[in-house]
Amino acid sequence: MMRRVLALLPMLALPAFAGELPGPPDAVGLIRYSTVPKAGAAVCTGTLVAPDLVLTAAHCLFDARTGAAIPNVRFDAGWDGTRAVASGRGMALPDAGPVPVGDARDAALLRLDRPMASVTPVPFAAEAADPLTLRAYSRAGQDAPAVSLVCPTVRRVGDLSYHLCGVVSGNSGAPLLALADGRWALAAIVIARVGGALALATRPDGAVLGAMTDGAR
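Residues numbered from 1 in each chain as written. Predicted model: local features only at pLDDT ≥ 70, side-chain atom pairs only at ≥ 80, totals over all residues. Heavy atoms only, no water.

Hey, could you run me through the packing of aromatic side chains in this one?
Any two aromatic rings considered together are summarised by their centre-to-centre distance and by the angle between their planes. As enumerated under the stated definition, the model contains zero aromatic pairs in all. A cation sits over an aromatic face here: Arg-32 above Trp-79, 5.5 Å from the ring centre. (Phe/Tyr/Trp six-rings, centres within 6.5 Å; stacked < 30°, edge-to-face > 60°. Lys NZ or Arg CZ within 6 Å of the ring centre and 35° of its normal.)

Okay, structure coming up:
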């Protein structure tokens, strides 16, 4: 099955964000670890899911060597390459930690130092079907807006899913968005690349979803 999908790659153009759809949510933003964007520096993508909570990949928020939460992580909501709609700093909630690459638990929440009152959080999609749209930043393009690509689902295994969507460094934590009642909702987040053509994504587990729900109240 996987070989057949990869063989079809040349015929499957991944379209850019369709203009007739709602505009991309400002809640998706750039996660970085320095005050000023630096070319080639590590970055991730995150999504505001409550006024002061950002969902991203756990490996974006924890030191893989020590297991400790990375302090003073910066989140720029709606980053367009030169400015953000809102910015904040924070640290991961303590009920998460580093996990092996490709683990379904590779999702965590960043608690910001203050709520982002000017940004509307993205709700979670309890059920989502294709088409799903990836909204992501890249390590090589910190001075550019996020890109959007349609990412068909190839396979689901529990909370993990595989999507026909080439991802690059910086896409970790990026949301796969679905349309729900004319609004974007978060279906899953990207946690790894599989080969050169597939994105591996996970749905937040019960603990993360519980914190998201509590934070949204």
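Mind showing me how you'd approach the sheet that holds strand β9 (residues 153–157) here?
Within a beta sheet, neighbouring strands are joined by backbone hydrogen bonds and run either parallel or antiparallel to one another. Taking strand neighbours across the sheet as the criterion, the seven strands line up as β8-β7-β11-β12-β13-β10-β9 in an open arrangement whose pairing is antiparallel. At either margin of the open sheet sits one strand with a lone partner, and together these are β8 (147–150) and β9. For this sheet, the mean angle separating the axes of adjacent strands, direction not counted, is 30°. Here strand β10 (residues 160–164) pairs with strand β13 (residues 198–202) via five bridges, running antiparallel. (Pairing = 2+ DSSP bridges. Helix = DSSP H or I, 4+ residues; strand = E, 2+ residues; numbered from the N terminus. Axes fitted to C-alpha atoms, helices over the stretch in contact; angles between N-to-C directions.)

Explain the pattern of salt bridges here, please?
Once the charged atoms of two side chains with opposite charge are near each other, the side chains can pair. Enumeration over the complete set of coordinates arrives at six salt bridges. The shortest N-O distance in the salt bridge between Asp-113 and Arg-114 comes to 3.4 Å. Owing to a relative accessible area of 48%, Arg-114 belongs among the partly exposed residues under this scheme. Three or more residues joined by partner-sharing salt bridges are found here, namely Arg-32, Arg-74 and Asp-76. (Salt bridge = Lys/Arg side-chain N within 4 Å of Asp/Glu carboxyl O. Buried < 20%, exposed > 50% of the residue type's maximum accessible area, 1.4 Å probe, protein only.)

What's the story with the nonpolar core in this structure? I'm lost.
One recurring pattern in soluble globular proteins: nonpolar side chains tend to sit buried together. Ranked by internal contacts, the top residues of the largest apolar core, which has 42 residues, are Leu-48, Leu-55, Phe-75, Leu-109 and Met-116. Every residue in contact with Met-116, bar those within four places of it in the chain, is listed here: Leu-48, Pro-51, Phe-75, Ala-77, Ala-86, Ser-87 and Gly-88. One finds Cys-165, Leu-176, Val-190 and Ala-199 within the second-largest nonpolar core, a separate group that totals 14 residues. (Core = buried A, V, L, I, M, F, W, Y, C linked by side-chain atoms within 4.5 Å. Contact = heavy atoms within 4.5 Å.)

I keep staring at the state of the cysteines and nothing clicks. Help me out?
As used in these notes, a disulfide is a covalent bond between sulfur atoms, one from each of two cysteines. Under the definition given, this model contains two disulfides. In this model, Cys-44 is linked to Cys-60 through a disulfide, with the two sulfur atoms separated by 2.0 Å. Looking down the S-S bond of the Cys-44 and Cys-60 bridge, the torsion is -85°, so its handedness is left-handed. Of this pair, Cys-44 sits in strand β2 (residues 43–50) while Cys-60 sits in the loop between β3 (53–56) and β4 (73–77), placing them 16 residues apart in sequence. (Disulfide = S-S within 2.5 Å.)

Got a minute to help me understand the pairing of strand β12 (residues 183–194) in this structure?
Side-chain positions along a regular strand alternate between the two faces of the sheet. Burial analysis of β12 places nine of its 12 residues in the buried class, which makes it a mostly covered element. Counting the residues between successive antiparallel strands, the hairpin from strand β11 (residues 175–180) to β12 contains two residues, one of them, Asp-181, with a positive phi of roughly 55°. Hairpin connection of β12 to β13: three residues between the antiparallel strands, including Gly-195 at a positive phi of 65°.

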